[in-house]
Amino acid sequence: MTSTGVPAGYDPYAFEPFAVTVDLAVFTVRAARLDVLLVERGEDPYKGCWALPGGFVRPRESAGDAARRELAEETGLTADTASALHLEQLRTYSDPDRDPRMRVVSVAYAALVPDLPEPRGGGDAASARWWDAGATGPLAFDHDRILTDAYDRIGAKLEYTCLATAFCPPEFTLGELQQVYETVWGVTLDRPNFRRKVLATPGFVQAVEGPPRRTGGRGKPAALYRAGAATALHPPLLRPEGHS
């Protein structure tokens, strides 16, 4: 054993080096549509193609820190905004030929956010914009696969966690919360039944004190809620049959 803790005789150069990257599938609900954040690549490979934001992990950086840094650099979001986002590690993608430059292993994350300002390109991204998550067209690298996996994960997690509140502003109506479920799942839910299930689930939402908020139209003012203390839904709020 050497003074640095490395076993004597160990040769780190005996193994072919490879790079580690992060890729982010950032979703939001905008105008009753599920959108995903994409960047236009400004450099080869795939220059001019659209891709998920992301980049290489630095030598003294964790994957999570790299994900937030790359998100801020490639979209123009402030570091404070990027650091406050709900990031969830999705999975690792390690097919040998997924990147034409060299062997690259990517740690993918899904980010779920309320409506954000229009992004702007930065770093090695020529531009950035929100896209309809169901109409992105072919993406660079294996990002179509990552996007599909992230969409499936989000749809499933809405059933048994309180993740839907991450798409909402700090104070929201039950109608806004229902719109998140309908947008992500692509279904229409019965309003009274949805309201009953939400309010019967301990810790899902918490009523906000004060007057209700008008939401437009001729209806009555809508009560405001914020995310409750629970993280899991018991019982789960399942999708209608045939829409899994």
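Data block above holds the structure.
Predicted, not measured: the structure shown is a model, and the values here were computed from it.

**Q** Could you give an account of the overall build of the protein chain, naming the residues involved and the relevant values?
**A** Counting secondary structure elements, the protein chain contains five helices and nine strands. Reading the helices (α) and strands (β) of the protein chain from amino to carboxyl end gives β-β-β-β-α-α-β-β-β-α-α-α-β-β. With the principal axes as the frame, the protein chain shows a C-alpha extent of 75 × 45 × 40 Å. Burial analysis of the protein chain (244 residues in total) assigns 45% to the buried set.

**Q** For the pattern of salt bridges, give the residues involved together with the corresponding values.
**A** Enumeration according to the criterion identifies 15 salt bridges in this entry. A salt bridge links Arg30 to Asp35, with the shortest nitrogen-to-oxygen separation between them at 3.3 Å. Exposure remark for Asp35: the relative accessible area of 1% places this residue in the buried category. A network of salt bridges, in which partner residues are shared, links Arg58, Glu61, Arg69, Glu70 and Glu73.

**Q** Tell me about the side chain of Lys157, and please be specific about residues and values.
**A** As for its placement among the helices and strands, Lys157 is situated in helix 3 (residues 143–160). Residue class for Lys157 comes out buried when judged on its relative accessible area of 17%. Discounting chain neighbours no more than four positions away, the residues touching Lys157 are Glu88 and Leu163.

**Q** Can you break down the packing of helix 3 against helix 4 (residues 174–185) residue by residue, with the values?
**A** Any two packed helices are characterised by the angle at which their axes cross and by the distance between the axes. Where helix 3 contacts helix 4, the axes come no closer than 10 Å and their chain directions differ by 140 degrees. One way to sum up the angle between helix 3 and helix 4 is to call them oblique. Helix 4 is crossed by helix 3, and the crossing has left-handed handedness. From helix 3, Tyr151, Ile154, Gly155, Leu158 and Glu159 reach across to helix 4, where they touch Tyr181, Val184 and Trp185.

**Q** Can you lay out the nonpolar core for me, pointing to particular residues and giving the numbers?
**A** In this structure, Phe27, Phe167, Leu177, Tyr181 and Phe204 are the most contacted members of the largest nonpolar core, which totals 43 residues. Of all elements in the fold, only strand 1 (19–30), strand 2 (33–41), strand 5 (86–93), strand 6 (104–112), helix 3, helix 4 and helix 5 (191–200) reach the threshold of two or more residues within this core. Considering each element in turn, this core owes the most residues, six residues, to helix 4. Residues in contact with Tyr181, not counting those within four places in the same chain, are Leu158, Thr161, Ala164, Gly186, Leu189, Phe194, Phe204, Leu233 and Leu237. Listed in part, the 16 residues of the second largest apolar core include Val26, Leu77, Leu85 and Leu87.

**Q** Please provide a residue-by-residue account of helix 4, values included.
**A** In a regular helix each residue adds 1.5 Å, so twelve residues correspond to 16 Å; helix 4 covers 17 Å between its end C-alpha atoms and thus fits that length. Along helix 4, the residues classified as buried are Leu174, Leu177, Gln178, Val180, Tyr181, Thr183, Val184 and Trp185. Contact partners of the buried residues in helix 4: strand 1, strand 2, helix 3, helix 5, strand 8 (205–207) and strand 9 (225–227). Within two residues after helix 4, Gly186 carries a phi angle of roughly 70 degrees, on the positive side.

**Q** Please set out the packing of helix 4 against helix 5 residue by residue, giving values where relevant.
**A** Their axes nearest at 11 Å, the elements helix 4 and helix 5 cross at an angle of 100 degrees. Regarding the angle of helix 4 to helix 5, the classification is roughly perpendicular. For the pair formed by helix 4 and helix 5, the contact residues are Leu174, Leu177, Gln178 and Tyr181 on the first element and Arg191, Phe194, Arg195, Val198 and Leu199 on the second. Taken together, the residues that form the contact of helix 4 with helix 5 break down as six nonpolar, one polar and two charged.

The rules behind the values
Residues numbered from 1 in each chain as written. Predicted model: local features only at pLDDT ≥ 70, side-chain atom pairs only at ≥ 80, totals over all residues. Heavy atoms only, no water. Helix = DSSP H or I, 4+ residues; strand = E, 2+ residues; numbered from the N terminus. Buried < 20%, exposed > 50% of the residue type's maximum accessible area, 1.4 Å probe, protein only. Salt bridge = Lys/Arg side-chain N within 4 Å of Asp/Glu carboxyl O. Contact = heavy atoms within 4.5 Å. Axes fitted to C-alpha atoms, helices over the stretch in contact; angles between N-to-C directions. Parallel < 35°, antiparallel > 145°, perpendicular 65-115°, else oblique. Left-handed = near helix turned anticlockwise from the far one by under 90°. Core = buried A, V, L, I, M, F, W, Y, C linked by side-chain atoms within 4.5 Å. Expected span 1.5 Å × (residues − 1). Nonpolar A, V, L, I, M, F, W, Y, C, P; charged D, E, K, R; others polar.

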